[in-house]
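Spelled out, the chains give:
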Amino acid sequence: AAEAAAARAEAEAREAKGKFEEATAKAAADAAASEKRAAAAEERLAASEKRLAETTAALERARESSKTLEGAAKAAEAKAAASAKAAEAARDAASDEAASLEASLRIASEKLAVAEARAAAAAAE
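Below you will find a few notes about this structure. (Residues numbered from 1 in each chain as written. Predicted model: local features only at pLDDT ≥ 70, side-chain atom pairs only at ≥ 80, totals over all residues. Heavy atoms only, no water.)

**Comments concerning the overall build of the protein chain**
Stage number 1. In terms of regular secondary structure, the protein chain is built from one helix and zero strands.
Stage number 2. Its C-alpha radius of gyration of 53 Å places the protein chain more than 25% over the 14 Å reference for a compact globule of 125 residues.
Stage number 3. When its C-alpha atoms are laid out on the principal axes, the protein chain stretches across 180 × 15 × 10 Å.
Stage number 4. A total of 125 residues make up the protein chain; the buried ones form 0% of that total.
Stage number 5. Summed over all atoms, the accessible surface of the protein chain reaches about 10700 Å², with 61% contributed by carbon and sulfur. (Helix = DSSP H or I, 4+ residues; strand = E, 2+ residues; numbered from the N terminus. Rg over C-alpha atoms; globule rule 2.2 N^0.38 Å. Buried < 20%, exposed > 50% of the residue type's maximum accessible area, 1.4 Å probe, protein only. Areas by Shrake-Rupley, 256 points an atom, 1.4 Å probe, with all protein chains shown as cover.)

Shown next as structure tokens:
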């Protein structure tokens, strides 16, 4: 009976050892799968960080371009304002010159009328 009990205990121990080894192997496989998933997640995180850095750099380049374009637009606006002011000054000068020519023409016309009147008076004498 003691031998039978010992044999049963030995069989139970072997069975428990088998279950323990099976559970250990399953735990090791689960740990390996978890490590693999963690490595994949780290790779995805690194790729996301790289994309974020690229996007940030592109955004900074866009900001610089925007500043450059803003500066160019302001310069063009200032140039247009200066051109408009110069055109207005040229128009004013042309208007003044036209008024001066008109006055000269009126004086010349009056002198001609006086000369014609003198000529007519001289002819009548």
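Structure shown, so let's carry the discussion forward.
**Some details on the pattern of salt bridges**
Between side chains of opposite charge, a pair can form when the charged atoms approach closely.
Stage number 1. Scanning the entire structure with this criterion turns up six salt bridges.
Stage number 2. In this structure, glutamate 10 and arginine 14 form a salt bridge, with 2.8 Å as the shortest nitrogen-oxygen distance. Here arginine 14 and glutamate 10 lie together in helix 1 (residues 2–124), a separation of four residues that amounts to about one turn.
Stage number 3. Under the relative-accessibility criterion, arginine 14 is labelled exposed at 52%.
Stage number 4. Aspartate 92 is the salt-bridge partner of arginine 91, the closest N and O atoms lying 3.2 Å from each other.
Stage number 5. What makes aspartate 92 partly exposed here is its relative accessible area of 35%. (Salt bridge = Lys/Arg side-chain N within 4 Å of Asp/Glu carboxyl O.)

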